Amino acid sequence: MNRERSEKLFTQAQRYLPGGVSSPVRAFKAVGGNPLFIRKGAGSKIYDEDGNQFIDYVCSWGPLILGHCHPKIVAALKKVVEQGISFGAPTELETTLAKAICTAMPSIEMLRFVSSGTEAAMSAIRLARAFTARDKVVKFAGGYHGHSDGLLARAGSGVATLGIPDSAGVPSNYTQNTLVTPYNNTEAVEQLFKRYPGQIAAIIVEPMAANMGVVPPQPGFLKRLRRLTEEFGALLIFDEVITGFRVAYGGAQALYGITPDLTCLGKIIGGGLPVGAYGGRKDIMQMIAPLGSVYQAGTLSGNPLAMTAGISTLKILSQPEVYNQLEARSSLLEKGIAAIAAKAGVVVQVPRVGSALTVFFCQESVLNYEVAKRADTKLYSKFFQQLLSGGIYWPPSQFEAAFVSLTHTTEDIQTTVEAIGKALKSAL
Ligand code: HOZ
């Protein structure tokens, strides 16, 4: 596979961008080799600068549930761009998207748009602290809630990928109120509430962890978190930046039947444009300025382009059969991987919820970050490289999810499974 132009562009990029990238995981550092520079996308495929074609399972890290360049999203964006890109003033589009989100997720009575998932989580925590008049926050090891200082403690995603336990540059007193505990372990959470009575403002949790690879919640885990927060007067914050409109139209909260107090969103609600949102109970959301005393603002928040892409995306996702189709294709992929790995004599775990999944090379089922970290990441790297050479763009990190879009065809899945079979044979 010719990678000449990507190599050249990467050399140039490194002169001006740290590591040659705008976000760490895409630099391929954990899996070796240099990143490919992407020129265009269409449906389930992306094309690099050397003209190589790949079936894409990164899907911009989640937002592109409709695949690349969906004609309806492109048309809507073309139309809106000619009317003005940003005003820094209210538009009807914000209310339209907010209404669609609140209808899909009834726990969200009001919401505030921001420009990234990081901002959403950071602001939701500030709000929870103000509402409860408490400082401490519980998060789970391997959970990722963006890169704000207080949440960069044993975080997943790029932090896990690069093996950085706690980021440099974060003063220790910024994380002293962040209590980190194992995912899928409710006893440990209960102990924290007993150890810090009246001090915990909130639990922030990915209802399906997706930043230590996909790790589904164990039965009863989320329900117990809901009970404990109620019992001890804390708020339950679901970080649905990845799961919102991904695992079900109503997100993980609809799938698992749990009502959080606050929800963080991003990715899909912006249809591929920079966006985030946090929302929830009206009595809590009314504390945000200008109604209340919790300050949070953003020049590009709710900008017309992101709102338009989000509205058009949700409109398509609200059609019947969409999630059944995603489930059918994703299940085919999961089963195909399991079967081809068994044939190759490789033990794999393929946790999947809807159209998000991860391949872990390990014997035990992955319940939390400790187990995820024990998976064979060296084998994952070889697997990744082999897949890339075989025309499959898989996440360049063990600790990220692979995503299936509505444009992945049965043929794409079959091609992928065959490539995985070959990759496993060569990687061993
Ligand atoms: N950390 C994000 C995925 N969970 C984005 C990674 C990237 O764009 O490099």
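Look above for the structure.
Reference entry: report on the structure contained in this document. Quantities reported herein were computed from a predicted structural model and do not represent experimental measurements. (Residues numbered from 1 in each chain as written. Predicted model: local features only at pLDDT ≥ 70, side-chain atom pairs only at ≥ 80, totals over all residues. Heavy atoms only, no water.)

## Quick look at helix α2 (residues 71-81)
Here's step 1: Listed in full, the buried residues belonging to α2 are Ile-73, Ala-76, Leu-77 and Val-80. The arc that holds the buried residues of α2, viewed along the axis, is 100°, so those residues lie on one side. Exposed and oriented more than 90 degrees from the buried face of α2 are Pro-71, Lys-78 and Lys-79.
Here's step 2: Against α3 (92-104) and α11 (304-317) lie the buried residues of α2. (Buried < 20%, exposed > 50% of the residue type's maximum accessible area, 1.4 Å probe, protein only. Helix = DSSP H or I, 4+ residues; strand = E, 2+ residues; numbered from the N terminus. Arc of directions from axis to C-beta. Contact = heavy atoms within 4.5 Å.)

## Comments concerning the packing of aromatic side chains
Here's step 1: Tallied over the full model, the rule gives 15 aromatic pairs.
Here's step 2: Look at Phe-54 and Tyr-393: their rings are 6.2 Å apart centre to centre, the planes differ by 65°, and that puts the pair in the edge-to-face class. Taken together, the positions of Phe-54 in strand β3 (residues 53-56) and Tyr-393 in strand β13 (residues 392-393) put the pair 339 residues apart, joining distant regions of the chain.
Here's step 3: On the basis of relative accessibility, which here comes to 10%, the residue Tyr-393 falls in the buried class.
Here's step 4: Feature note: the residues Tyr-57, Phe-361, Tyr-380, Phe-383 and Trp-394 constitute an aromatic cluster, connected by ring pairs.
Here's step 5: The side chain of Lys-40 reaches across the aromatic face of Tyr-47, ending 5.1 Å from its centre. (Phe/Tyr/Trp six-rings, centres within 6.5 Å; stacked < 30°, edge-to-face > 60°. Lys NZ or Arg CZ within 6 Å of the ring centre and 35° of its normal.)

## Considering the sheet that holds strand β11 (residues 352-353)
Backbone hydrogen bonds hold the strands of a sheet together, and the pairing may be parallel or antiparallel.
Here's step 1: On the basis of which strands lie adjacent, the open sheet formed by 3 strands has the order β11-β12-β14 and antiparallel pairing. A strand with exactly one partner marks an edge of an open sheet, and here the two such strands are β11 and β14 (402-403).
Here's step 2: When strand β12 (residues 356-357) meets β14, the two strands line up antiparallel, connected through 2 bridges. The residue bridging Leu-357 from the neighbouring strand is Ala-402, located in β14. (Pairing = 2+ DSSP bridges.)

## With respect to the sheet that holds strand β8 (residues 235-239)
Here's step 1: Reading across the sheet, the 7 strands line up as β4-β10-β9-β8-β7-β5-β6 and stay open at both edges, with mixed pairing between neighbours. Each edge of the sheet is formed by a strand with only one pairing partner; in this case those strands are β4 (110-114) and β6 (178-181). Neighbour-to-neighbour, the strand axes of the sheet open up by a mean angle of 20°, direction not taken into account.
Here's step 2: In this sheet, strand β10 (residues 276-280) lies alongside β4 in antiparallel orientation, the contact comprising 5 bridges. From the neighbouring strand, Met-110 faces β10, where its bridge partner is Gly-280.
Here's step 3: Across the face of the sheet, helix α4 (residues 117-132) comes into contact with β4, β5 (136-140), β7 (200-205), β8, β9 (262-266) and β10 while running at roughly 165° to β9. (Axes fitted to C-alpha atoms, helices over the stretch in contact; angles between N-to-C directions.)

## Here's the deal with the side chain of Ser-44
Here's step 1: Mapped onto the elements, Ser-44 comes out in the loop between β1 (38-42) and β2 (45-48).
Here's step 2: When its relative accessible area of 4% is taken as the criterion, Ser-44 is described as buried.
Here's step 3: When residues no more than four places from it in sequence are discounted, the contact partners of Ser-44 are Phe-54, Ile-55, Asp-56, Thr-407, His-408 and Asp-412.

## Things to note about the pairing of β10
Here's step 1: Burial runs high along β10: 5 of the 5 residues are buried.
Here's step 2: The side-chain alternation of β10 yields two buried faces, one formed by Gly-276, Tyr-278 and Gly-280 and the other by Ala-277 and Gly-279.

## As for the site of the ligand
Here's step 1: In the vicinity of the ligand, the residues found are Ser-23, Val-25, Arg-26, Trp-61, Ser-157, Asn-211 and Glu-400.
Here's step 2: The contact in question runs from an oxygen atom of the ligand to an N or O atom on the side chain of Ser-23, over 3.1 Å.
Here's step 3: A distance of 2.7 Å separates an oxygen atom of the ligand from a polar atom in the side chain of Arg-26.
Here's step 4: In the complex, the protein chains occlude 88% of the 290 Å² of accessible area that the ligand would expose alone. (Near = heavy atom within 4 Å. Polar contact = N/O pair within 3.5 Å; in protein donor to acceptor, adjacent residues only side chain to side chain. Areas by Shrake-Rupley, 256 points an atom, 1.4 Å probe, with all protein chains shown as cover.)

## Considerations on helix α14 (residues 377-389)
Here's step 1: The terminal C-alpha atoms of α14 lie 18 Å apart, and with 13 residues this matches the ideal 18 Å at 1.5 Å per residue to within 8%.
Here's step 2: Among the residues of α14, Leu-379, Tyr-380, Ser-381, Phe-383, Phe-384, Leu-387 and Leu-388 are the ones counted as buried.
Here's step 3: Close packing links the buried residues of α14 with β3, β13 and α15 (410-427).
Here's step 4: Capping the start of α14, Asp-376 holds a side-chain oxygen 3.2 Å from the backbone nitrogen of Lys-378, two or three residues further along.
Here's step 5: Of the residues trailing α14, Gly-391 is marked for its positive phi of about 85°. (Expected span 1.5 Å × (residues − 1).)

## Here we look at the nonpolar core
Here's step 1: With 37 residues, the main nonpolar core has Tyr-57, Leu-333, Ile-337, Phe-361, Phe-383, Leu-387 and Trp-394 as its most contacted residues.
Here's step 2: Broken down by secondary-structure element, the contributors of at least two residues to this core are β3, α12 (322-344), α14, β13 and α15.
Here's step 3: Examining the composition of this core, we find that 7 residues originate from one element, α15, more than from any other.
Here's step 4: Discounting residues that sit within four places of it in the chain, Ile-337 has contacts with Val-350, Leu-357, Val-359, Trp-394, Val-417 and Ile-420.
Here's step 5: In terms of nonpolar packing, the next biggest core, distinct from the first, is built from 32 residues, Phe-140, Leu-192, Phe-193 and Met-212 among them. (Core = buried A, V, L, I, M, F, W, Y, C linked by side-chain atoms within 4.5 Å.)

## Looking at the pairing of β2
Here's step 1: Summarising the sheet, β1 and β2 pair through 4 bridges and their orientation is antiparallel. Residue pairing across strands places Ala-42 opposite Lys-45, the latter belonging to β2.
Here's step 2: In textbook terms, the turn of a hairpin is the stretch between consecutive antiparallel strands, and for β1 and β2 this stretch comprises 2 residues, one of which, Gly-43, has a positive phi near 60°.
Here's step 3: The antiparallel hairpin formed by β2 and β3 contains 4 residues in its connecting segment, where Gly-51 sits at a positive phi of about 85°.

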